[in-house]
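Breakdown of the fold
One-letter residues, chain by chain:
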Amino acid sequence: MSTILNIALWFVAIWFVLIVLVTAVLMIVDTRRKRRVGDADEVVFPRLPPISEKLGDSTLTLYTYGRDLFDAMLAEIRGAKHEVHLESYIWKDDALGEQFKREIIAAAERGVKVHVIYDVFANLVVKRSFKRFPPSVHVMRHPWFTPWIFVLRIRKTGRDHRKILVVDRKVGFVGGYNIGSDYATKWRDTHLRVEGPLTWELNNAFVDFWNAHRKGSQPDLVDTGDIEWEPRFRAHRNAPIHLSFPIRNMYLDAIDRASLRVSITQAYFIPDRDVLAALLRAAGRGVDVRVIVPEISNHVLCDWLSRGFYSQLLRGGVKILLFQGAMVHAKTATIDGRWSTIGTANIDRLSLTGNYEVNAEVVDESVAAMMDRVFENDCTATRELTLEEWSSRRHRARFSEAVLVPLRPLL
Ligand SMILES: O=P(O)(O)OC[C@H](O)CO
């Protein structure tokens, strides 16, 4: 018995060393590549102007270029009269981050009630002075570490990965964009602007988070009911504190209904067993399943974990479209010209079963048509990875993919 245990321990130890070595090599190669390629001021990729559709009494606008989005967000904060709710996973201390901070403080100083939430872990590299706000701004810093991690209390873990802005309960924004200058011109991402009664969904998401996590000294936010009850639009919230992860169910349900096409755009695509099976089943029944991912993302380890699924996906008939020339960071999908989602959740374990996330789900043909337009536009910047090309990759690539498999549940 002890011999078997010893062999098992050695096996685990050797595998662990292999993971560390492979990860180190991949990171070194990636760093060298980035140095060689350099850093352009502006990256060129096909882009669309903001596009809008009505949904009931509200207007939904899709933003696919950061500069357009950030201008719109800043203009709303500048025009705020009563209330600003801003939540961002990453809030960089660069020129754009400073601009947001200035407008937030200016709003608070003219009497607007301002509440801000950011994730401490995601902003560890941001200088301390940037994170200081005057008392007129109510700030919630979502902690990066709680001792509960050691007793695996899921309720007490999870990054706040959400990106929400709501102004005066009239206009709201949600999507993949964090706050940072690079995202304005160099990354291809998608955000949704909601104007009208449906803004309630995003405001409610912010209010519920604030009230669930606020310290005793922080004010409770008024939790109003929804007068409209519009069934075509929902903001689904993953909330580890309530052990609630509806975004994963939303995806599984929508993929299961697909009969024509599934068009997914993801920055970090590391599907779990059920999501993978749902996509393969859809492709198997003749649905045109296409997934856009960056050919090379900003997280080399995510790329390699993602690649570990390519063989199965390609063999099952799923098309993999590799986005060229820019980091595509969107977390969106549209199905059958009827259903769409735009949000903060990546299709990976961290987002779907670990973090605080928010995704808008819209069941509407006009909105799906906008999403299809964005997807087709993005397709022009992709190249399709064929099974033939993928099958001829080097042995060392296959080896790296295999070694990294145990990391899948962590990302
Ligand atoms: O966690 P996300 O999806 O907001 O992406 C963050 C970027 O990867 C920052 O490195």
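The structure reproduced in this document is the subject of the present report. (Residues numbered from 1 in each chain as written. Predicted model: local features only at pLDDT ≥ 70, side-chain atom pairs only at ≥ 80, totals over all residues. Heavy atoms only, no water.)

Some thoughts on a nonpolar patch on the surface
To be explicit about the condition: Residues enter patches when their relative accessible area tops 30% and they take part in no salt bridge; the joining distance is 9 Å for like charges and 5 Å for the nonpolar side chains Val, Leu, Ile, Met, Phe, Trp and Tyr. Accessibility throughout is a Shrake-Rupley quantity obtained with a 1.4 Å probe, and a residue counts as covered only by protein chains that appear here. Note on definitions: salt bridges are taken to be side-chain nitrogens of Lys or Arg within 4 Å of carboxyl oxygens of Asp or Glu. Secondary structure elements follow DSSP: runs of H or I no shorter than four residues count as helices, runs of E no shorter than two count as strands, and numbering proceeds from the N terminus.
Side chains of F121, L124, W144, F145, I149 and F150 sit close together on the surface and give an oily, nonpolar patch of about 630 Å² of accessible area. Note on placement: W144 falls in the loop between β5 (137–142) and β6 (163–167).

Observations regarding helix α8 (residues 300–307)
The test is simple: Categorising residues by exposure relies on relative accessible area from a 1.4 Å probe, with only protein chains included: less than 20% of the type maximum marks a residue as buried, more than 50% marks it as exposed, and the intermediate range marks it as partly exposed. Residue contacts are defined here by distance: any two heavy atoms, one from each residue, within 4.5 Å place the two residues in contact.
Of all the eight residues making up α8, eight are buried; the element is thus mostly covered by neighbouring parts of the structure. Taken together, the buried positions of α8 are V300, L301, C302, D303, W304, L305, S306 and R307. Buried positions along α8 lie against α1 (2–37), α9 (310–315), α12 (387–391) and α13 (395–404).

Description of unusual backbone geometry
We note that D168 has phi near 55°; this positive angle belongs to a residue other than glycine. Within the secondary structure, D168 sits in the loop between β6 and β7 (171–175). By relative accessible area, which is 14% here, D168 ends up buried.

Some points on the side chain of D364
What counts is decided by this rule: Distance and chemistry together define a polar contact, namely a pair of N or O atoms within 3.5 Å, with one atom able to donate a hydrogen and the other to accept it when in protein, and with adjacent residues in sequence counting only for side-chain atoms on both sides.
One can find D364 in the loop between β17 (357–363) and α11 (365–379). According to the relative accessible area criterion, D364 is buried, its value standing at 12%. Of the polar contacts made by the side chain of D364, one reaches the backbone nitrogen of V367; its length is 2.9 Å. Apart from the residues within four sequence positions on either side, D364 is in contact with L55, R232 and R338.

Quick look at the pattern of salt bridges
Tallied over the full model, the rule gives 27 salt bridges. The residue D208 makes a salt bridge to R237 at a minimum N-O spacing of 3.1 Å. Here the residue D208 occupies a position in helix α5 (residues 199–213), and R237 occupies one in strand β10 (residues 233–238), the gap between them amounting to 29 residues. With relative accessibility at 26%, the residue D208 sits in the partly exposed group. Among the residues examined, R237 registers a relative accessible area of 24% and is labelled partly exposed.

Details of the sheet that holds β7
Going by this rule: Following DSSP output, two strands are said to pair if at least two bridges run between them. In this description, a line fitted to the C-alpha atoms serves as the axis of each element, helices being fitted only across the stretch in contact, and the angle between N-to-C directions of two axes falls anywhere from 0 to 180 degrees.
Taken in spatial order, the eight strands make up an open sheet running β1-β2-β9-β7-β6-β3-β4-β5, and their pairing is mixed. Edge positions in the open sheet fall to β1 (51–55) and β5, since each of these has one partner strand only. Neighbour-to-neighbour, the strand axes of the sheet open up by a mean angle of 15°, direction not taken into account. Direction of pairing for β7 relative to strand β9 (residues 191–195): antiparallel, over a ladder of five bridges.

Examining the packing of aromatic side chains
The relation between two aromatic rings is expressed through the spacing of the ring centres and the mutual angle of the planes. Here is the rule we go by: Each aromatic pair joins two rings of Phe, Tyr and Trp (for Trp, the six-membered one) with centres within 6.5 Å, and gets the label stacked for planes under 30 degrees apart, edge-to-face for over 60, and tilted for any other angle.
Taken as a whole and judged by the stated rule, the model has 13 aromatic pairs. Each ring, one from W91 and one from F133, has its centre 5.7 Å from the other, and the planes form 55°; the classification is tilted. Here W91, found in the loop between β3 (83–88) and α3 (95–109), pairs with F133, found in the loop between β4 (113–119) and β5; they are 42 residues apart in sequence, far enough to count as distant. Overall, the relative accessible area of 16% leaves F133 in the buried class.

Looking at the nonpolar core
Note the following rule: The set of buried Ala, Val, Leu, Ile, Met, Phe, Trp, Tyr and Cys residues whose side-chain atoms join them within 4.5 Å is what this entry labels a nonpolar core.
Ranked by size, the top nonpolar core spans 90 residues in total, and within it F100 and I104 carry the most contacts. In contact with I104, other than residues within four places in its own chain, are I77, V84, L86, W91, V114, V116, F133 and V137. Within the second largest apolar cluster, 23 residues are counted, among which are V166, V174, M371 and V374.

Considering the pairing of strand β2 (residues 58–63)
Of all six residues making up β2, five are buried, and the element is well covered by its neighbours. Here β1 runs beside β2; their pairing, made up of five bridges, is antiparallel. Bridging across to β2, S52 finds its partner in T61. Counting the residues that bridge the hairpin from β1 to β2 gives two residues, and of these G56 lies at a positive phi of roughly 60°.

Some remarks on the packing of α8 against α13
Each pair of packed helices gets described by two things: the angle between the helix axes and the distance between those axes. Formally: Should an angle fall under 35 degrees it is called roughly parallel, over 145 degrees roughly antiparallel, and 65 to 115 degrees roughly perpendicular, with every other angle called oblique. Side-chain classes are defined by residue name, with Ala, Val, Leu, Ile, Met, Phe, Trp, Tyr, Cys and Pro counting as nonpolar, Asp, Glu, Lys and Arg as charged, and the others, Gly among them, as polar.
Put simply, α8 and α13 touch, their axes get as near as 9 Å, and they point 95° apart. Classified by the angle their axes make, α8 and α13 are roughly perpendicular. On the side of α8, the interface is formed by L301, W304, L305 and R307, while α13 contributes A397, S400, E401 and L404. A per-class count over the contact of α8 with α13 returns five nonpolar, one polar and two charged.

Re α5
An α-helical turn contains 3.6 residues, so any two residues separated by three or four positions project in the same direction. Heads up, the rule is: By definition here, a helix of n residues has an expected span of 1.5 Å times n minus one.
For α5, with 15 residues, the first-to-last C-alpha span of 22 Å sits near the 21 Å given by 1.5 Å per residue. Along α5, the positions that sit buried rather than exposed are T199, E201, L202, N203, N204, A205, F206, V207, F209 and W210.

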